Structures are given as C-alpha cells and as structure tokens.
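Here's the letter readout for the chains.
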Amino acid sequence: VHYLYVPEGDPEALRYFSELVQQRPELKLRVEPLPATVTPQYASGLEGKHGLLSLALIRTASGAYAGVPFIVPGGRFNEMYGWDSYFHVLGLLEDDRIDLAKALTENLIYELNHYGKILNGNRTYYLTRSQPPFLTSIGLAVYEHLPKNDEAYTWLARVFRAAIEEYY
C-alpha cells in the first residue's frame, strides 16, 4: 500500500484522490487526510505509514483534474524538493521553460498555504522540515521572463504574499 496525504484545507483534492482510489484499485493507494495542525508528534507517529504529500491540482479545459507539474532531482525520486526547486527554476528559465518554472513555483505556494512552509520534500517525514527562503528569488526570476501585464503582476503579488506569510 502506498500512502498519499492530503492537507485538511484542500477538500477538493481529498475528494479527487479518494475517487481516484475507487476508480483505480490497482494503484494500491491509500488516501489520508492530514489533521488541521500537524505536530512533530503526529509526523513521527506515522512510522510505517509514511507517504507522499499532495501538491497543487488544476482543472484542465475539459474539466478534468491534473497535477501541477514539478521537477524531481536525479530521476530516482518521485517527490519535489524545496532546495532543489530553486536551481531547477533557474535551469528551466535558462531553457525558456517558463511554464514549468511557474508551475513549480505554484507548488511551492501550495506547500506554504497548506503545510505552513516550503518543505524539504513533499513526503510526510519532511512535514517538520523547511527550506531556506528562496521563494522571493524564485518569484522574481520567473517574473522577469513573463510578459509585463496585469496577469504577471498579479501572479508576482501572490508569490510575495505567500513569501511574507512564510516569513511570519
């Protein structure tokens, strides 16, 4: 059995993943909601039941859900790592993959909004570990590659609000 934990503040994701489990039993996935407050005791009490933490979902043009894409380091992992994400964004921007750099940033904001911090990685055993505050640097780097319009400015303001929240 593989565990997927969904934050308490994202009932839409919990509903989506719970339905997915029923539609795809071969995945052997168990979806668990996280409590509203995750304590170090809770995280350490998951021994034997550790798993992935959900990240951002979007609705496609057809109305279906899709995961917001991210990059994993080295090809041996299946989770996003906070520290690595900064360097991934720089490389993506160098290769004109602005869409993917922006998507990765969206997942970092999701972590802040739903887990209270940018995590070392999106696994349960990282629930109590955060990363250096790179979100403002990431947001500015991505913004430099976006067209200068109201949509881009609104996006940057959202990144900065999340970074301010992270600071406090």
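Report follows, based on the coordinates. (Residues numbered from 1 in each chain as written. Predicted model: local features only at pLDDT ≥ 70, side-chain atom pairs only at ≥ 80, totals over all residues. Heavy atoms only, no water.)

### So, a nonpolar patch on the surface
Condition: Surface patches are drawn from residues lacking salt bridges whose relative accessible area is over 30%; two like charges belong together within 9 Å, two nonpolar side chains (Val, Leu, Ile, Met, Phe, Trp, Tyr) within 5 Å. Exposure was quantified through the Shrake-Rupley algorithm and a 1.4 Å probe, taking into account, for residues, occlusion by the shown protein chains and nothing else. A side-chain nitrogen of Lys or Arg and a carboxyl oxygen of Asp or Glu constitute a salt bridge if their distance falls within 4 Å. Here a helix means four or more residues in a row that DSSP labels H or I, a strand means two or more in a row labelled E, and each is numbered from the N terminus.
A surface patch of nonpolar side chains, amounting to about 290 Å² of accessible area, comprises Trp83, Phe87 and Leu90. With respect to the helices and strands, the residue Leu90 is situated in helix α3 (residues 82-94).

### Quick word on the environment of Ser54
Rules: Note on contacts: a residue pair qualifies if any of its non-hydrogen atoms lie within 4.5 Å across the two residues.
Inspection of the secondary structure assignment puts Ser54 in the loop between β3 (52-53) and β4 (57-59). Sequence-distant contacts of Ser54, that is, excluding residues within four places in its chain, are made with Leu4, Tyr5, Val6, Pro7, Phe17, Tyr110 and Tyr115.

### As for the environment of His145
Selection rule: Exposure is judged per residue with a 1.4 Å probe applied to protein chains only, and the accessible area is read against the type maximum: over 50% gives exposed, under 20% gives buried, and values in between give partly exposed.
Looking at the secondary structure, you find His145 in the loop between α5 (135-144) and α6 (150-167). With relative accessibility at 35%, the residue His145 sits in the partly exposed group. C-alpha of His145 to C-alpha of Leu127: the two residues are 18 residues apart in sequence and 32 Å apart in space. Setting aside residues up to four positions removed in sequence, His145 forms contacts with Leu93 and Ile98.

### Some thoughts on the environment of Ala64
Inspection of the secondary structure assignment puts Ala64 in the loop between β4 and β5 (65-67). Between the C-alpha atom of Ala64 and that of Gly45, which follows or precedes it by 19 residues, the distance is 35 Å. Discounting chain neighbours no more than four positions away, the residues touching Ala64 are Ile58 and Arg59.

### What about the nonpolar core?
The condition that has to hold: To define a nonpolar core, start from buried Ala, Val, Leu, Ile, Met, Phe, Trp, Tyr and Cys residues and group those joined through side-chain atoms within 4.5 Å.
Leu53, Val89, Leu108, Tyr115, Leu135, Ile138 and Val142 are the most contacted members of the largest nonpolar core, which has 39 residues in total. Looking at this core, the elements that each hand over two or more residues are β1 (2-6), α3, α4 (98-115), α5 and α6. Residues in contact with Val142, not counting those within four places in the same chain, are Val89, Leu93, Ala101, Lys102, Thr105 and Trp155. Within the second largest apolar cluster, six residues are counted, among which are Val6, Ala13, Leu20 and Val31.

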